[in-house]
Amino acid sequence: MAQARSIVVLHPASYRDSRQVGEHLRDGDVVVLDLTRIEGDEMHRLVDFVSGLVFGLQGNIDKVNAYVMVIAPPGVTVIDDAAHLTGSFYNQS
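Not measured: the values here are computed from a predicted model.

K.L.:
What's the story with helix 1 (residues 18-26) in this structure? I'm lost.
P.N.:
One full turn of an α-helix is made of 3.6 residues, so residues set three or four places apart face in the same direction. Those residues of helix 1 that fall on the buried side of the exposure criterion are Ser-18, Val-21, Gly-22 and Leu-25. End-on, the buried residues of helix 1 take up no more than an arc of 95°, which puts them together on one face. Those residues of helix 1 hidden inside the fold are in contact with strand 1 (7-10), strand 2 (30-34), helix 2 (40-57) and strand 4 (68-72). A positive backbone phi angle near 95° is found at Gly-28, which sits one or two residues after helix 1.

Put into structure tokens, the structure is as follows:
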């Protein structure tokens, strides 16, 4: 299991910035992803990419609000005040 090295805050402006997310997560960093600078289809593509990345690396993704996510590598627990569970992004009903 990767041990978190850093907490990185990213503000992608387009889907092209998705590589940064992947590189940081692969390196064991926790990523706070602020999607307020990206719109529409590009935002959806980026979220789909990140979701697949998190699934493939067995990490976790938690939604802070409509435009901010915390993406954690395996072995890092994120406590969500509402659910007290990590991975709440996938458990939306």
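K.L.:
Even after reading the chapter, I still don't get the environment of Leu-33, so can you show me in this structure?
P.N.:
Of note, Leu-33 is situated in strand 2. Between the C-alpha atom of Leu-33 and that of Leu-10, which follows or precedes it by 23 residues, the distance is 5.1 Å. When near neighbours in sequence (up to four residues on either side) are disregarded, Leu-33 contacts Leu-10, Pro-12, Val-21, Val-50, Tyr-67, Val-68, Met-69 and Ile-71.

K.L.:
Help me understand the nonpolar core, please; the structure alone is not making it clear to me.
P.N.:
General note: in soluble globular proteins, nonpolar side chains tend to be found buried as a group. Val-21, Leu-33, Leu-35, Val-50 and Ile-71 are the most contacted members of the largest nonpolar core, which has 17 residues in total. Every element with two or more residues in this core is listed here: strand 1, helix 1, strand 2, helix 2 and strand 4. Per-element tally for this core: the top contributor is helix 2, with 6 residues. Beyond its immediate chain neighbours, meaning those up to four positions away, Ile-71 contacts Val-21, Leu-25, Asp-29, Val-30, Val-31, Leu-33, Val-50, Val-54, Asn-60 and Ile-61. Among the nonpolar cores identified, the runner-up in size contains 5 residues, and Val-30, Val-70, Ala-72 and Val-76 belong to it.

The rules we used
Residues numbered from 1 in each chain as written. Predicted model: local features only at pLDDT ≥ 70, side-chain atom pairs only at ≥ 80, totals over all residues. Heavy atoms only, no water. Buried < 20%, exposed > 50% of the residue type's maximum accessible area, 1.4 Å probe, protein only. Helix = DSSP H or I, 4+ residues; strand = E, 2+ residues; numbered from the N terminus. Arc of directions from axis to C-beta. Contact = heavy atoms within 4.5 Å. Core = buried A, V, L, I, M, F, W, Y, C linked by side-chain atoms within 4.5 Å.

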